[in-house]
Amino acid sequence: MSDHELRVSKIRDGTVIDHVEGGQALNVLAILGIDGSGGFGVSVGMNVPSDRLGRKDIVKVEDRELSQSEVDVLSLIAPEATINIVRDFEVVEKNRVTRPDGVTGVLSCPNRNCITNAGEPVETRFDVVADGVRCDYCATILRADIADHIDV
Amino acid sequence: MRQDHLITATQLSRDDIEAVLDRARAVADDPAAYADRHAGRVLALCFFEPSTRTRMSFDSAAKRLGMNTIGMGDVDSSSVSKGESLSDTVRVIEGYADALVLRHPSEGAATLAGERVDVPVVNAGDGAGQHPSQTLLDLHTIREDHGLDDLTIGIMGDLKYGRTVHSLAAALTEFDANQHFISPDSLRLPRSVRFDLHETGAQIREHDELEPVLGELDVLYVTRIQKERFPDENEYHRVAGEYRIDAETLEAAADDLTVMHPLPRVDEIAPDVDETDHARYFEQAHNGIPVRMALLDTLLENADPDGDEGTEVDR
Ligand SMILES: [Zn+2]
């Protein structure tokens, strides 16, 4: 067994999220709401050498395929990610993520004085702009620190 | 203007703005023609933050359209302190009124209120966010003096927290305006406002002193620098002192420079400026009446296009 296979073993059915920026794997799991309690197998490789990214993270989730809204949010913290759908050990689909127009209910607004942080019964809503996301309520722009505001 | 609510100045097109200002001019020319226009309708003044002049301005504007107004009384004694959500409060008040004017300390409050109710909502200030009805009266004042195109304006003071500044700067991008922003480094325009200005390709420049640009300006818009923005009182006095103007400062200005201020002022404009031909801040405040009348008239008409507002001449 090679080094690489030791780190992240192959899965029979499920999703492999590859080319995640180094250090973001746990945020990817947070976005997907995966904490291990669901019972499916999860393997995570962190800071794996990568030609494209230098160091990358890789997340494998068995028996689970991602929904479009999950992929949308993923694209914000892992814009280079590829999503491989695996069935019977074969990659049957390979997709790059694309940036969505907006994100609802996943991020919290970094502006403490925003009405979405005032205990109102409201879901946050962010527009995706050139280099970040923007609160639909208070217009605050969130850039590099998106992962710090994932609210799941 | 085909809008249901007035939440932010960024929602307004040039046509929207000009339509309201044209109507404001018509109102100012013949107020009697509007006196009963919305008789029997009720405007709710929902002020979750102390305000005298904006509330009175809307109150007066509504009454001059024949409307009645209702308010929330003292904010501390209302349900706000009992922890009712804004979402619930506006849903309840929606049943009492034909339109809502909202001032609230949180940014985005008016956006949320607009999503919760079907009657028109006017944002009369949301935290450090926006204050678009102030902008309409500011634009009306500028338009009457200089017109809105080929305009060079200096906006000075607290540009970071000044919601009137955020709204005005956004609206001016609809016109051919050169905008100069003059402030201490710590109170420069927030990132989100600058982002919008750059998106529109607006011509803006930022300065830390008034003197180098004063001579070019058609309009100088002064805002208050508040003590609570500074951790240290000495620092406040030092900084605020640099952005104060008096009659002597204005000797270097063009003869037809218009000096504006959203009021209340403390000492950023010395009283001796009041006596110069530059001072326009009291007229500016007075313009709130025809402009808010025009705004309410427009929004109520949009909300009820078949209403008996005297436009159905042919039927
Ligand atoms: Zn926000």
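Since the structure is predicted, the reported quantities are computational estimates derived from the model, not experimental observations.

Cut-offs used in this document
- Counting from 1, residues in each chain are numbered in the order their sequence is written.
- All chains are assigned letters beginning at A, and all ligands numbers beginning at 1, according to the order in which they are written.
- The predicted origin of the model limits local features to residues at a pLDDT of at least 70 and limits the giving and counting of side-chain atom pairs to 80 or more, whereas totals for whole chains, interfaces and linings rest on all residues.
- Side-chain calculation: all heavy atoms of the structure are included, whereas hydrogens and water are not.
- The contact definition used throughout considers only heavy atoms, calling two residues in contact when any of these lie within 4.5 Å.
- Two parts placed together each lose some accessible area; with a 1.4 Å probe, that loss summed over both constitutes the buried area.
- For this document, the term salt bridge refers to a Lys or Arg side-chain nitrogen within 4 Å of an Asp or Glu carboxyl oxygen.
- Within 3.5 Å is the distance limit for a polar contact, defined as a pair of N or O atoms, with the added protein rule that one can donate a hydrogen and the other accept it, and that residues adjacent in sequence qualify only through two side-chain atoms.
- Helix numbering and strand numbering both begin at the N terminus, where a helix is a DSSP run of H or I of at least 4 residues and a strand a DSSP run of E of at least 2.
- Only rings of Phe, Tyr and Trp enter the pairing, Trp through its six-membered ring, and a pair is recorded when the two centres are within 6.5 Å. The plane angle decides the type: under 30 degrees is stacked, over 60 is edge-to-face, the rest tilted.
- Partly exposed residues are those whose accessible area sits between 20% and 50% of the maximum for their type, while under 20% is buried and over 50% is exposed, using a 1.4 Å probe and protein chains only.

Colleague: Give a description of the interface of chain A and chain B that names residues and reports values.
Modeller: Interface size is commonly expressed as the accessible area that is lost once the parts come together. Every contact between the two is made by 18 residues of chain A and, on the other side, 18 residues of chain B. Counting the surface lost from both chain A and chain B, the interface buries some 1400 Å², and carbon and sulfur atoms represent 48% of this. Three residues stand out in chain A for area buried against chain B, namely N113(A), I115(A) and Y137(A), and they jointly supply 34% of the buried area on that side. Summed over the shared surface of chain A and chain B, the result is two salt bridges. R125(A) is paired through a salt bridge with E115(B); the nearest N and O atoms lie 2.8 Å apart. Applying the counting rule to chain A against chain B returns twelve residue pairs in polar contact (both at pLDDT 80 or more). At the level of secondary structure, the elements contributing two or more residues to the side of chain A that touches chain B comprise β7 (125–129) and β9 (141–142) of chain A.

Colleague: Residue-level account of the packing of aromatic side chains, with values.
Modeller: Residue and element names in this part refer to chain B. Per the stated rule, a full pass over the model turns up two aromatic pairs over all chains. Aromatic pair F230 and Y236: ring centres 6.0 Å apart, planes at 55 degrees, arrangement tilted. Across the pair, exposure class does not vary: F230 and Y236 are buried alike. Geometrically, the ring pair formed by Y281 and F282 is edge-to-face, given 5.3 Å between the ring centres and 65 degrees between the ring planes. According to the relative accessible area criterion, Y281 is buried, its value standing at 0%. We classify F282 as partly exposed; its relative accessible area is 40%.

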